[in-house]
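As a plain string of letters, each chain reads:
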Amino acid sequence: MSISLCKIINFPTFKENRGSLSFIEGSNHVPFDIKRIYYISEVPKFSDRGNHAHKKLKQIFIAISGAFDIKLDDGNFSKVFHLNSKNKGLYICPMIWRRMYNFSSDCTCLVLASEKYHEDDYIWNYSDLKK
Ligand code: T46
């Protein structure tokens, strides 16, 4: 798996005087069937999250409010994304190391996931990912 498969997906958004509405449609905007949704919030200023890869899991990360940075690494190349829009999602394919950091105090990160939670899907050592 290559980091080049990880990309920003734009969600359709209607901005009006009465507010903004964005939507995400299964087969149109998400390249997998959604089996789980979770969200991360209240991350202290200098904390980070992630620091692992997944064997099979595909995910889309959305900064529903606030902002954070995420560094992706496929063992050969790395890339940093700044997520700060509820209208955009970052698709992450399997076998990508990720570290999320620089969370703003108002940040909530919503994650769409292709599988239910399985502890054995996690790769905890970067050297195992390289192998
Ligand atoms: C990822 C990053 C960005 C569950 O019981 N069910 C769940 O669906 C999830 C996601 C977590 N948990 C439990 C497992 C841990 O005891 O919640 C606790 C905290 O999870 P974790 O340490 O995995 O949190 P992060 O932020 O390091 O990682 C999570 C996701 O696990 C992971 O897939 O990519 O967010």
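Scroll up to find the structure this text is about.
Calculation criteria
Residues numbered from 1 in each chain as written. Predicted model: local features only at pLDDT ≥ 70, side-chain atom pairs only at ≥ 80, totals over all residues. Heavy atoms only, no water. Pairing = 2+ DSSP bridges. Helix = DSSP H or I, 4+ residues; strand = E, 2+ residues; numbered from the N terminus. Buried < 20%, exposed > 50% of the residue type's maximum accessible area, 1.4 Å probe, protein only. Lys, Arg positive; Asp, Glu negative; His and termini not counted. Salt bridge = Lys/Arg side-chain N within 4 Å of Asp/Glu carboxyl O. Polar contact = N/O pair within 3.5 Å; in protein donor to acceptor, adjacent residues only side chain to side chain. Near = heavy atom within 4 Å. Areas by Shrake-Rupley, 256 points an atom, 1.4 Å probe, with all protein chains shown as cover. Nonpolar A, V, L, I, M, F, W, Y, C, P; charged D, E, K, R; others polar. Patch = residues over 30% accessible without salt bridge, like charges linked within 9 Å, V, L, I, M, F, W, Y side chains within 5 Å.

> Help me get a handle on the pairing of strand β3 (residues 19-22), residues and values and all.
Strand direction decides the pairing type here: strand β2 (residues 13-16) and β3, joined by four bridges, are antiparallel. Looking across to β3, one finds that Thr13 is bridged to Ser22. Taking the residues that link successive antiparallel strands as the turn, the β2-β3 hairpin has two residues.

> Please give an account of the side chain of Arg98 that cites residues and values.
For Arg98, the position within the fold is in strand β10 (residues 97-101). Although buried, Arg98 forms no salt bridge, and the nearest oppositely charged side chain, Asp121, lies 7.6 Å from it. Looking at Arg98, its side chain comes within polar contact range of the main-chain oxygen of Ile96, at 3.1 Å.

> Pulling in residues and values, what's your account of the site of the ligand?
In the region of the ligand, 13 residues are neighbours, and Arg36, Arg49, His54, Arg98 and Tyr122 sit closest. The separation between an oxygen atom of the ligand and a polar side-chain atom of Tyr38 is 3.2 Å. A distance of 2.6 Å separates an oxygen atom of the ligand from a polar atom in the side chain of His54. Surface burial for the ligand is 65%, taken as the share of its 640 Å² of free accessible area covered by protein chains. Secondary structure elements with two or more residues in the shell around the ligand: β4 (36-41), β5 (49-54), β6 (59-65) and β10. No other element matches β5, which puts four residues into the shell around the ligand. For the shell around the ligand, a count of residues per class yields six nonpolar, four polar and three charged.

> Lay out a nonpolar patch on the surface in plain terms, naming residues and giving numbers.
Side chains of Ile34, Ile37 and Tyr39 sit close together on the surface and give an oily, nonpolar patch of about 330 Å² of accessible area. Residue Tyr39 is classed as exposed on the basis of its relative accessible area, which comes to 59%.

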